[in-house]
Amino acid sequence: MGQEKKEKLTKMEINWILYDVGNSAFVLLATTILPIYFNYLAGLEGVSEVDYLAYWGYAASIATLLVAFIGPVCGAIADTKGYKKPIFMICMMVGVLGCAALAIPKSWIVFLVVFVIAKVGYSASLVFYDSMLPDITTPERLDAVSSHGFAWGYIGSCVPFVFSLVFVLFYEKIGITMVTAMVIALVINALWWFLVTVPLLRHYKQVHYTDNAESGRGVVKESLRRLGHTLLDLKNHKKIFVFMIAYFFYIDGVYTIIEMATAYGSSLGLNSQGLLLALLLTQIVAFPFALLFGKAAKKYRTEKLIRLCILAYLCIALYAIQLDKQYEFWVLAVCVGMFQGAIQALSRSYFARIIPPEKSGEFFGIFDICGKGASFMGTALMGLFAQITGKSNGGVAILAVMFLIGFFVFGKAVKLNGSGGHISPLT
């Protein structure tokens, strides 16, 4: 009875998880409906299928590259007492308003610019959101709570997505235009994202913070100095440094698959409705498997589970190279769903466990360079290889190489840690 009570999520943990439910709606929209709508806009202006895939990849790369630069700086500033929540709220609102504003452009170029702004707001908000994890739970619950975040994010994002799908797929039967259907879908997702974030904004309190000035005077200068010191000193902490290199490579492949799945399927000429439904299935499959891996982390070493996920993604990338049929995309969608939430959740909790909690914003800003910031390389290379080879699946092979490098470097990180996954924070 006592154990059952202990396993229940606290109110603050639930509030934190709800933001995953909110922002995941934008992620699902950005990886499914938005690429198809962009293809529609680009097609009206005569852009070829190969160039469409490349331009979408370049836009995603620019957004993640921008966050790679601003994330660590904002994260360092947010470690000062009272700063984390306000900066998080600003970034979140840029993402929410950007999501709604995507309904305005009729030109594919303007659409890409607004998309980059919305994606920067979304990605930057995650730097602060992830760094809140040590504030809202205990060290022994990091794996479970992080896994719950991704799990409920996947299943919760399906709610606005299904409503959006009705309008986007059946706009002609409803008696509206494609553009009107997209306006409705974008507004629904923006409102959902904002409303489910309100509980976190109301109740979150920053527990861990640095001891430097608490007023506005000198905060930016001191934060930049502290960030510079941490970056220079990072090479002396090999267990963290090597893990971040490994993470850079394997998560690059994961985020590239998330970013480019629909665009890739569309460029191969696969049915749009089938692509959307297949990726909806990915979200549904990801829900139980993220929770399953969270429970498995109590029994098995986190490192072993992460290595399993990397190997699975290597197989997924190799399978995607030859993909050219609709049913093969459905198989791909199920396989991705099985490991997508697990590899992200376990990597996040693993990292949260090995860093000092009072500098979580700073370290998660650096972590973001090696994570979402790193995915600029995968999306850019995928677009570049597609244009060079003239074939969309020409760019997928590079992802297999990323996973292979990530697997071997992660093995090196495990040897350096050598403590069964329960590592003492950096001092």
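Owing to the predicted nature of the structure, the values given are computational and were not obtained by experimental measurement.

About the cut-offs
Residues numbered from 1 in each chain as written. Predicted model: local features only at pLDDT ≥ 70, side-chain atom pairs only at ≥ 80, totals over all residues. Heavy atoms only, no water. Axes fitted to C-alpha atoms, helices over the stretch in contact; angles between N-to-C directions. Helix = DSSP H or I, 4+ residues; strand = E, 2+ residues; numbered from the N terminus. Parallel < 35°, antiparallel > 145°, perpendicular 65-115°, else oblique. Contact = heavy atoms within 4.5 Å. Nonpolar A, V, L, I, M, F, W, Y, C, P; charged D, E, K, R; others polar. Expected span 1.5 Å × (residues − 1). Buried < 20%, exposed > 50% of the residue type's maximum accessible area, 1.4 Å probe, protein only. Core = buried A, V, L, I, M, F, W, Y, C linked by side-chain atoms within 4.5 Å. Patch = residues over 30% accessible without salt bridge, like charges linked within 9 Å, V, L, I, M, F, W, Y side chains within 5 Å. Areas by Shrake-Rupley, 256 points an atom, 1.4 Å probe, with all protein chains shown as cover. Salt bridge = Lys/Arg side-chain N within 4 Å of Asp/Glu carboxyl O. Left-handed = near helix turned anticlockwise from the far one by under 90°. pLDDT = per-residue confidence, 0-100. Phe/Tyr/Trp six-rings, centres within 6.5 Å; stacked < 30°, edge-to-face > 60°.

A.B. asks: Help me out: how do you make sense of the packing of helix 8 (residues 142-156) against helix 9 (residues 158-169) in this one?
C.D. replies: The relative placement of two packed helices comes down to the angle between their axes together with the axis-to-axis distance. Between helix 8 and helix 9, the least distance of the axes is 5 Å, while the angle of their chain directions is 20 degrees. Between helix 8 and helix 9, the interaxial angle falls into the category roughly parallel. In contact with Tyr154, Ile155 and Gly156 of helix 8, helix 9 contributes Cys158, Val159 and Pro160. Considering only residue class, the contact of helix 8 with helix 9 consists of 5 nonpolar, 1 polar and no charged.

A.B. asks: How should I be thinking about helix 15 (residues 302-321) in this particular structure?
C.D. replies: In an α-helix, one full turn covers 3.6 residues, which means residues spaced three or four apart are oriented alike. Along its 20 residues, helix 15 runs 29 Å from first to last C-alpha, staying within 8% of the 28 Å computed at 1.5 Å per residue. For helix 15, every residue scored as buried is listed here: Thr302, Glu303, Leu305, Ile306, Cys309, Ile310, Ala312, Tyr313, Leu314, Ile316, Ala317 and Ala320.

A.B. asks: Before we go on, may I ask you to explain the nonpolar core in this structure?
C.D. replies: Buried together is how nonpolar side chains tend to be arranged in soluble globular proteins. Grouped together as the largest cluster of nonpolar side chains are 125 residues, with contacts concentrated most on Leu34, Phe243, Tyr250 and Phe351. A total of 14 residues in this core trace back to one element, the largest contributor, which is helix 6 (residues 108-131). Beyond its immediate stretch of four places on either side in the chain, Leu34 contacts Leu29, Trp56, Leu102, Phe111, Phe115, Met182 and Leu186.

A.B. asks: For this particular structure, what's the right way to read the environment of Thr180?
C.D. replies: Note that Thr180 resides in helix 11 (residues 178-203). In sequence terms Thr180 and Phe167 are 13 residues apart; their C-alpha atoms lie 8.7 Å from each other.

A.B. asks: Got a minute to help me understand a nonpolar patch on the surface in this structure?
C.D. replies: Where nonpolar side chains cluster on the molecular surface, the patch consists of Ile90, Val94, Ile109, Val113 and Ile117 and spans about 440 Å² of accessible area. Breaking the nonpolar patch down by element, the ones donating at least two residues are helix 5 (84-101) and helix 6. Top contributing element to the nonpolar patch by residue count: helix 6, with 3 residues. Mapped onto the elements, Ile109 comes out in helix 6.

A.B. asks: It is not clear to me how the pattern of salt bridges should be interpreted in this structure. Could you clarify?
C.D. replies: Working definition: two side chains of opposite charge can pair if their charged atoms are close together. In total, this model carries 5 salt bridges according to the counting rule given. Notably, a salt bridge pairs Arg141 with Glu13, separated by 2.8 Å at the nearest N-O pair. Here Arg141 is found in the loop between helix 7 (133-136) and helix 8, whereas its partner Glu13 is found in helix 2 (residues 11-31), with 128 residues between them in sequence. Residues Arg141 and Glu13 agree in their burial class; the two are buried. We note a salt bridge from Arg348 to Asp20, for which the minimum N-O separation is 3.4 Å. Taken as a pair, Arg348 in helix 16 (residues 326-354) and Asp20 in helix 2 lie far apart in primary sequence, 328 residues in all. Here the two residues Arg348 and Asp20 agree in accessibility, since each one is buried. Among the charged side chains, a salt-bridge network with shared partners connects Asp20, Asp130 and Arg348.

A.B. asks: How do you make sense of the packing of helix 15 against helix 19 (residues 397-417) when you look at a structure like this?
C.D. replies: The contact between helix 15 and helix 19 brings their axes to 8 Å, and the two run at 165 degrees. Considering the angle they form, helix 15 stands roughly antiparallel to helix 19. Along this stretch, helix 15 crosses helix 19, giving a crossing that reads as left-handed. Across the interface between the two elements, Glu303, Ile306, Arg307, Ile310, Leu311, Tyr313, Leu314, Ala317, Leu318 and Ile321 from helix 15 touch Ala397, Leu399, Ala400, Phe403, Leu404, Gly406, Phe407, Phe410, Gly411 and Val414 from helix 19. A per-class count over the contact of helix 15 with helix 19 returns 16 nonpolar, 2 polar and 2 charged.

A.B. asks: Looking at this structure, I do not really get the environment of Val334. What am I missing?
C.D. replies: Inspection of the secondary structure assignment puts Val334 in helix 16. In sequence terms Val334 and Leu280 are 54 residues apart; their C-alpha atoms lie 9.9 Å from each other. Residues within four places of Val334 in sequence aside, it is in contact with Leu281 and Val285.

A.B. asks: Please clarify how the confidence of the model for the chain should be interpreted in this entry.
C.D. replies: As a note on interpretation, predicted positions should not be read in detail where pLDDT is low. This prediction gives the chain a mean pLDDT of 80; 81% of its residues lie at or above 70. When the criterion is pLDDT under 50, residues 213-217 qualifies, and its contacts beyond four places in sequence or with other chains add up to 7 contacts.

A.B. asks: How do you make sense of the packing of aromatic side chains when you look at a structure like this?
C.D. replies: Each aromatic ring pair is summarised here by two numbers: the centre-to-centre distance and the angle between the ring planes. One pass over the full model with this rule turns up 26 aromatic pairs. Judged by centre distance (5.1 Å) and plane angle (15 degrees), the ring pair of Tyr55 and Trp108 falls under stacked. You can see Tyr55 sitting in helix 4 (residues 49-78) and its partner Trp108 sitting in helix 6, a full 53 residues away along the chain. The class of Tyr55 is partly exposed, set by a relative accessible area of 28%. Through pairs of rings, three or more aromatic residues link up here, namely Tyr37, Phe38, Tyr40, Tyr55, Trp56, Trp108, Phe111 and Phe115.

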